[in-house]
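Below, each chain spelled out in residue letters.
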Amino acid sequence: MPGLYRYMEYQQLFTDQLKRLKDEGTYRYFLEVNKSAQHFPRFTYQDEQGNSQQAINWCSNDYLGLSSEESLISRLGFVAHRSGTGSGGTRNISGTTNYHKELEHTLADWHRKEGALLFNGAYQANVTTLQTLGRQLPGLVFFSDERNHASIIEGIRGCRNEKKIFAHNDMEQLEELLQQVPVDQPKLIVFESVYSMSGTIAPVKDIIALARKYQALTYVDEVHAVGLYGKTGAGIFEQEDVQSSVDMVNGTLSKAIGVFGGYIAASSLLIDFIRSFGRGFIFTTSLPPAICAAANTSIQLIQREENRRRQFFSNVQHLRQSLTENGVDFKPNPSHITIIPVAGAEQCRGLARQLLEKQGIYLQPINYPTVPIGEECLRVICTARHLPKHIHHLAWSLKKLLHGDYQTDRQEFPSFALTTGDGEGQD
Ligand code: PLP
């Protein structure tokens, strides 16, 4: 008979798994990014010697800088004073306030749907909605883009339904796969609008046309598009003027909207269905009322004021122009995400490290398993709050490092981005 599992053996299991990650180079080290609402995208961190350093954040998803917006901060504080910090319950048990309902109304209207449902993040919204659909409709077949986010993969894995993965944005393959499933079987096509690791955009009209032809439901993750694209910032479906043709939209309140949480928007029937069967919705404490109020204020601001979005896209354009002028190659794509290929995980990590330590530039090296091996890259996220001097400094530093003629330290760049001065970090 096998012996009892001993405490030490559990420890060994955990240690071995972590060692495997370290050996593979996929172990995650967190940099402490001490954000400043006043000086965003500038932040401070402690280096390995314990010295305080400053850097410019080039990987924040606070695309419009709204998390530092005074009117949102005031709204959050005001409602927190009135309603307290937490909701204190699930939506079903004392956790629904007027702030939750108002925000759901705003979201539904924004996406031109009958209803919306709040979650504590878009991750949870994806997992819960997809799992619930799969579990409650056992014959449902999922058609999922190969580049879909981890939360979509997790949601589809969480039920035992058949799944068919199509190559990224490959409409021919999607159609072939749809043809393989009997006409009388329920189908759901799951995709993102803006793919954050490649900056590609889904051919949404073609997907909708295929869905109509094969009578499939559609589910789109607009996490990296809400707040940015379309006339009122509702996303790619608004931009393409096809909002009413998609069945379910998933979005986040934590990126361009600058607050926290996630949601889905759909017909009132579908919303009622997920509200009634979705375990990840039912059995968790609802969002704090103050968070809902601040998110609502943020969306109204986005809808009303186009200037931040204009500034954001103008910065993206400026960044790409500056990279071109400095001979830094990037992958062309139609979105706001700028991808600079750097072959090899080690080189990619090394480059990001040098940028931080020598130039005070913080950006993310993207390696396997986030992208396939051979597609390692630096991913640059510009926000509406980056200034021309930040952009020039980044492009110059990348040129120096990528072209291998980097010699001296931070001071080499004459108007170094971290010098403080009037207007630093302002719009
Ligand atoms: N979907 C996509 C495409 C994402 O990139 C993310 C990343 O955070 C999520 C969903 C999860 O969103 P949230 O942070 O609101 O949970």
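Conventions we followed
- Residues numbered from 1 in each chain as written.
- Predicted model: local features only at pLDDT ≥ 70, side-chain atom pairs only at ≥ 80, totals over all residues.
- Heavy atoms only, no water.
- Near = heavy atom within 4 Å.
- Polar contact = N/O pair within 3.5 Å; in protein donor to acceptor, adjacent residues only side chain to side chain.
- Areas by Shrake-Rupley, 256 points an atom, 1.4 Å probe, with all protein chains shown as cover.
- Helix = DSSP H or I, 4+ residues; strand = E, 2+ residues; numbered from the N terminus.
- Nonpolar A, V, L, I, M, F, W, Y, C, P; charged D, E, K, R; others polar.
- Salt bridge = Lys/Arg side-chain N within 4 Å of Asp/Glu carboxyl O.
- Buried < 20%, exposed > 50% of the residue type's maximum accessible area, 1.4 Å probe, protein only.
- Core = buried A, V, L, I, M, F, W, Y, C linked by side-chain atoms within 4.5 Å.
- Contact = heavy atoms within 4.5 Å.
- Phe/Tyr/Trp six-rings, centres within 6.5 Å; stacked < 30°, edge-to-face > 60°.
- Axes fitted to C-alpha atoms, helices over the stretch in contact; angles between N-to-C directions.
- Parallel < 35°, antiparallel > 145°, perpendicular 65-115°, else oblique.
- Left-handed = near helix turned anticlockwise from the far one by under 90°.
- Pairing = 2+ DSSP bridges.
- Expected span 1.5 Å × (residues − 1).
- Arc of directions from axis to C-beta.

(A) Looking closely at the site of the ligand. Surveying the vicinity of the ligand reveals 13 residues, the closest of which are Ala 122, Asp 221, His 224, Thr 252 and Lys 255. In the environment of the ligand, an oxygen atom lies 2.7 Å from a nitrogen or oxygen atom belonging to the side chain of His 224. Coverage of the ligand by the protein amounts to 82% of the 390 Å² it exposes when considered alone. Top element by residues in the shell around the ligand is helix H4 (residues 122-136). It accounts for 3 residues. Residue composition of the shell around the ligand, grouped by class: 3 nonpolar, 7 polar and 3 charged.

(B) Inspection of the pattern of salt bridges at higher detail. Within the structure shown, the criterion is met by 15 salt bridges. With a closest N to O distance of 3.0 Å, Arg 20 and Glu 24 form a salt bridge. Residue Arg 20 and its partner Glu 24 are located together in helix H1 (residues 7-24), separated by 4 residues, close to a single helical turn. The exposure class assigned to Arg 20 is partly exposed, which follows from its relative accessible area of 42%. A residue is classified by how much of its surface remains accessible, and Glu 24, at 46% relative accessible area, is partly exposed.

(C) View of the nonpolar core. Counting 89 residues, the largest nonpolar core has Trp 58, Ile 189, Leu 253 and Leu 378 as its most contacted members. In terms of residue count, the dominant contributor to this core is helix H11 (residues 289-304) (9 residues). Ile 189 has contacts with Phe 143, Phe 166, Leu 174, Leu 178, Ile 207, Ala 211, Ala 216, Leu 217, Thr 218 and Tyr 219, leaving out every residue within four places of it along the chain. In terms of nonpolar packing, the next biggest core, distinct from the first, is built from 20 residues, Leu 117, Cys 159, Leu 270 and Phe 281 among them.

(D) Spatial organisation of the packing of aromatic side chains. The full count for this structure, using the stated rule, is 9 aromatic pairs. Centroid distance Phe 119 to Phe 281: 5.7 Å. Interplanar angle 65°. Geometry classified as edge-to-face. Residue Phe 119 is found in strand S4 (residues 115-119), and its partner Phe 281 is found in helix H10 (residues 279-282); the two are separated by 162 residues along the sequence. For the pair formed by Phe 119 and Phe 281, the shared burial category is buried. Between Phe 312 and Phe 313, the aromatic rings sit 4.9 Å apart at their centres with planes inclined by 75°, giving edge-to-face as the arrangement.

(E) Local environment of the packing of helix H12 (residues 307-325) against helix H14 (residues 388-402). It is the contact of H12 with H14, at a shortest axis distance of 9 Å, that shows an interaxial angle of 30°. Relative to H14, the element H12 is oriented roughly parallel. The handedness of the crossing between H12 and H14 comes out as right-handed. On H14, the residues touching Asn 315, His 318, Leu 319, Ser 322 and Leu 323 of H12 are Pro 388, Ile 391, His 392, Leu 394, Ala 395 and Leu 398. Of the residues contributing to the contact of H12 with H14, the split by class is 7 nonpolar, 4 polar and no charged.

(F) Spotlight on the pairing of strand S2 (residues 42-46). Where strand S1 (residues 34-35) meets S2, 2 bridges bridge the pair, whose relative direction is antiparallel. From the neighbouring strand, Lys 35 faces S2, where its bridge partner is Phe 43. Linking two consecutive strands that pair antiparallel, namely S1 and S2, is a turn of 6 residues. Relative to strand S3 (residues 52-57), S2 runs antiparallel, the two being bridged by 5 bridges. Across the sheet, residue Phe 43 finds its bridge partner in S3, namely Ala 55. Linkage of S2 to S3, two consecutive antiparallel strands, is achieved through a turn of 5 residues, within which Gly 50 is found at a positive phi near 85°.

(G) Here's a closer look at helix H13 (residues 345-359). Over its 15 residues, H13 runs 21 Å from end to end, which matches the ideal 21 Å to within 8%, given 1.5 Å per residue. Burial in H13 covers these residues: Cys 348, Leu 351, Ala 352, Leu 355, Leu 356 and Gln 359. All buried residues of H13 fall inside an arc of 130° around its axis, so they share one side. The elements touched by buried residues of H13 are S2, S3, strand S12 (361-362), strand S13 (364-366), strand S14 (377-381) and H14. In the segment just after H13, Gly 360 is the residue with positive phi, at about 65°.

(H) How the structure looks around the environment of Ala 266. Looking at the element boundaries, Ala 266 is found in strand S10 (residues 262-266). The exposure class of Ala 266 is buried, given its relative accessible area of 0%. As a C-alpha pair, Ala 266 and Leu 394 span 128 residues in sequence and 41 Å in three-dimensional space. Residues in contact with Ala 266, not counting those within four places in the same chain, are Lys 113, Glu 114, Gly 115, Asp 247, Met 248 and Ile 271.

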